[in-house]
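# Fold and contact review
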Amino acid sequence: FRLKKHKKITKKSLASKLQTKMPQISKRLEGKVAIVTASTAGIGYAIAEGLAENGAKVVISSRKETNVEEALQQLKSKGLDVSGCVCHVGKTEDRAKLLELTLKQYGQLDILVNNAGISPAFGPLLKTTSEQWDKIFSVNVKAGFQFVQEAMPHLQQTNGSVIFNSSMAAYNPIQMIGAYSISKTAILGLVKALASECGPMGIRVNGIAPGVIETQMNEMPLSNDAYREQVLKTIPLNRFGKPSELAGLAVFLSSDEASYITGETIMVTGGVHSRL
Ligand SMILES: NC(=O)c1ccc[n+]([C@@H]2O[C@H](COP(=O)([O-])OP(=O)(O)OC[C@H]3O[C@@H](n4cnc5c(N)ncnc54)[C@H](OP(=O)(O)O)[C@@H]3O)[C@@H](O)[C@H]2O)c1
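Let me sum up the structure you'll find in this document. Residue indices follow the written sequence of each chain, beginning from 1 at its first position. Only residues with pLDDT of at least 70 get local features here, since the model is predicted, and only at 80 or more are side-chain atom pairs given and counted; chain-wide, interface and lining totals rely on the full set of residues. Side-chain calculation: all heavy atoms of the structure are included, whereas hydrogens and water are not.

## Observations regarding the packing of helix H4 (residues 92–106) against helix H5 (residues 130–158)
For helices, the axis comes from a line fit to the C-alpha atoms of the stretch in contact; other axes are also lines fit to C-alpha atoms, and the angle between any two N-to-C directions lies between 0 and 180 degrees. Helix and strand definitions here come from DSSP, where helices need a minimum of 4 consecutive H or I residues and strands a minimum of 2 consecutive E residues; each element is numbered from the N-terminal end. In the contact formed by H4 and H5, the axes pass within 11 Å of each other and the chain directions differ by 35°. Our pair here, H4 against H5, has a crossing hand that is right-handed. Within the contact between the two elements, H4 uses Thr 92, Arg 95, Leu 98, Leu 99 and Leu 103 and H5 uses Ala 143, Gln 146, Phe 147, Glu 150, Ala 151 and His 154. When residues are sorted by character, Ala, Val, Leu, Ile, Met, Phe, Trp, Tyr, Cys and Pro go into the nonpolar class, Asp, Glu, Lys and Arg into the charged class, and all the rest, Gly among them, into the polar class. The class makeup of the residues in the contact of H4 with H5 is six nonpolar, three polar and two charged. The crossing is said to be left-handed when, going from far helix to near helix, the turn is anticlockwise and less than a right angle, and right-handed when the turn is clockwise. Residue contacts are defined here by distance: any two heavy atoms, one from each residue, within 4.5 Å place the two residues in contact.

Put into structure tokens, the structure is as follows:
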């Protein structure tokens with residue numbers, strides 16, 4: 001553009017002119033539709049928000065209706081295009097409802113984020129009861145696997161992508177949450193096995209592995225000052241992570257920028273070494 005000869009150019013006027021002349025930078029996930037499980041709080045919520053901020057239409061869910069309603073309200077108040085319903089990931093009929101809502105509302109599915117994970121057993125691994133073991137593996141591993149099976153025909157239509165939420169505990173089991181850690185190690189294998197099988201169908205499958213992120217999940221142990229200090233010493237960045245710090249990676253892995261990445265699990269740990 002040409003500036004008028006005698007007009008005083010201020011920083012503000014230049015910025016506004018540049019803004020009107022520059023093409024809008026397109027959002028990375030424009031036109032894509034995502035499901036994020038366990039997404040009314042914590043990491044799942046932050047991922048849902050990040051995907052929606054980048055242009056995706058996002059369907060959120062969790063077990064409690066009031067949580068779903070509150071989260072929807074919060075996200076909609078930011079102008080984001082979101083829907084949601086109740087879904088306990090361990091229940092086949094709930095997953096079917098979530099998938100049905102997504103297809104009815106938005107007509108397609110491009111991104112499936114299997115985020116749900118629970119850690120109900122605290123104590124020595126050898127003391128884990130059969131019920132605790134089954135519950136952990138049912139929610140953390142089996143439900144996400146089944147959801148991929150169920151969503152497969154729709155993901156195939158869009159050359160979609162799947163993300164599983166693992167953990168740094170997958171690489172080095174954390175004391176007192178042994179069964180949880182092992183379930184997260186299983187996800188590393190699940191990601192690789194699914195990536196091999198789904199690759200020829202045009203579907204990518206990746207994992208994210210958070211370090212210690214301040215959420216409801218670890219509110220209790222981190223409220224103990226001595227334990228908090230002890231854990232902090234193991235983190236090179238010397239702080240815990242925020243749920244929003246997982247969103248960027250989920251957006252990237254779901255986007256076309258990651259079109260040649262599959263079968264990977266990427267750590268977000270503030271520098272904690274966690275490789276097999
Ligand atoms: N926080 C960390 O430090 C950390 C580290 C590594 C990995 N991760 C992994 O990250 C994922 C999210 O963890 P987070 O820390 O964000 O957990 P969180 O804060 O405890 O997340 C709770 C969310 O999950 C929902 N939820 C719980 N059980 C569910 C179920 N069976 N079905 C559907 N929704 C369910 C809750 O809503 P309702 O109560 O309404 O169901 C809520 O929306 C998990 O897979 C976890 O293992 C977390």
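Moving on from the model shown.
## Considerations on the side chain of Thr 269
Along the polypeptide, Thr 269 turns up in the segment after strand S7 (265–268). By relative accessible area, Thr 269 is classed as buried at 11%. Only 3.1 Å separates the side chain of Thr 269 from the backbone nitrogen of Val 272, close enough to count as a polar contact. Once residues lying within four places of it in the same chain are set aside, the contact partners of Thr 269 are Met 168, Ala 209, Pro 210, Gly 211 and Ile 235. The cut-offs for exposure are 20% and 50% of the maximum accessible area for each residue type, with area from a 1.4 Å probe on protein chains only; residues under the lower value are buried, those over the upper are exposed, and the others partly exposed. Polar contact is defined as a pair of N or O atoms within 3.5 Å, subject to the rule that within protein one atom must be able to donate a hydrogen and the other to accept it, and that residues adjacent in sequence are counted only when both atoms are side-chain atoms.

## Some remarks on the sheet that holds strand S3 (residues 82–86)
In space, the seven strands of this open sheet follow the order S3-S2-S1-S4-S5-S6-S7, with parallel pairing throughout. Since the sheet does not close on itself, it has two edges, and those belong to S3 and S7, each with one partner. Each adjacent strand pair in this sheet contributes to an overall mean axis angle of 20°, direction not counted. Of the strands in this sheet, strand S2 (57–62) and S3 touch helix H3 (residues 65–76), which is tilted by about 175° from S3. In this fold H4 packs onto strand S1 (33–36), S2 and S3, with an angle of close to 155° to the strand it touches most, S3. Note on pairing: two strands pair once DSSP finds at least 2 bridges between them.

## Some remarks on a nonpolar patch on the surface
Patches draw on residues past 30% relative accessible area with no salt bridge. Two like charges within 9 Å are joined, as are two nonpolar side chains (Val, Leu, Ile, Met, Phe, Trp, Tyr) within 5 Å. Surface accessibility in these figures is a Shrake-Rupley result with a 1.4 Å probe; residues are shielded only by whichever protein chains are displayed. Between Lys or Arg on one side and Asp or Glu on the other, a salt bridge is scored when a side-chain nitrogen of the former is within 4 Å of a carboxyl oxygen of the latter. A cluster of nonpolar side chains, Leu 125, Trp 133 and Ile 182, forms an exposed patch at the surface whose accessible area comes to about 240 Å². By the element assignment, Ile 182 lies in helix H6 (residues 178–198).

## Brief notes about the pairing of S7
A one-sided burial pattern is seen for S7, the buried positions being Thr 265 and Met 267 and the unburied ones Ile 266 and Val 268. Across four bridges, strand S6 (residues 204–210) lies against S7 in parallel orientation. Its bridge partner lying in S7, Ala 209 is registered against Met 267.

## A look at the state of the cysteines
Our working definition of a disulfide is a cysteine sulfur pair at a distance within 2.5 Å. As enumerated under the stated definition, the model contains zero disulfides in all. Of all cysteine sulfurs in the structure, the one in Cys 87 sits closest to Cys 85, which takes part in no disulfide; the separation is 6.3 Å. By relative accessible area, Cys 85 is classed as buried at 14%.

## Structural notes on the site of the ligand
We call a residue near a given molecule or strand whenever any one of its heavy atoms falls within 4 Å of it. The local shell around the ligand holds 29 residues, among which Thr 40, Ser 62, Arg 63, Tyr 180 and Thr 215 are the closest. Between an oxygen atom of the ligand and a main-chain N or O atom of Ile 43, the distance comes to 2.8 Å. Here Asn 165 contributes a side-chain N or O atom positioned 2.8 Å from an oxygen atom of the ligand. Elements supplying a minimum of two residues to the shell around the ligand: helix H2 (42–53) and H6. Of the residues that constitute the shell around the ligand, the class distribution is twelve nonpolar, 14 polar and three charged.

## Here we look at the packing of H5 against H6
A pair of packed helices is characterised by two quantities: the angle between their axes and the separation of those axes. Interaxial distance between H5 and H6 falls to 9 Å at its minimum, and their mutual angle equals 15°. Looking at the two axes, H5 sits roughly parallel to H6. Both H5 and H6 take part in a crossing whose hand is right-handed. For the pair H5 and H6, the contacting residues are Trp 133, Ile 136, Phe 137, Asn 140, Val 141, Phe 145, Val 148 and Met 152 in the first and Ala 179, Tyr 180, Ile 182, Ser 183, Lys 184, Ala 186, Ile 187, Leu 190, Leu 194 and Cys 198 in the second. Its residues assigned to classes, the contact of H5 with H6 comprises 15 nonpolar, two polar and one charged. Orientation categories follow fixed angle ranges, with anything under 35 degrees roughly parallel, anything over 145 roughly antiparallel, 65 to 115 roughly perpendicular, and all other angles oblique.

## A look at the environment of Ala 193
Relative to the assigned elements, Ala 193 resides in helix H6. Residue classification places Ala 193 among the partly exposed residues on the basis of a relative accessible area of 48%. Along the primary structure Ala 193 and Val 205 are separated by twelve residues, whereas in three dimensions their C-alpha atoms are 9.1 Å apart.

## Some points on the pattern of salt bridges
Applying the stated criterion to the full structure yields eight salt bridges. For Glu 49, the salt bridge is made with Lys 78, and the minimal N-O distance between the two is 2.3 Å. Taken together, the residues Glu 49 in helix H2 and Lys 78 in the loop between H3 and S3 connect sequence positions 29 residues apart. Given the relative accessible area of 15%, Glu 49 is considered buried. Of the residues examined, Lys 78 reaches a relative accessible area of 47% and is grouped as partly exposed. Here Glu 214 and Arg 228 are joined by a salt bridge, their closest N and O atoms 3.1 Å apart. Here Glu 214, found in the loop between S6 and helix H7 (219–222), pairs with Arg 228, found in helix H8 (residues 225–232); they are 14 residues apart in sequence, far enough to count as distant. Exposure remark for Glu 214: the relative accessible area of 41% places this residue in the partly exposed category.

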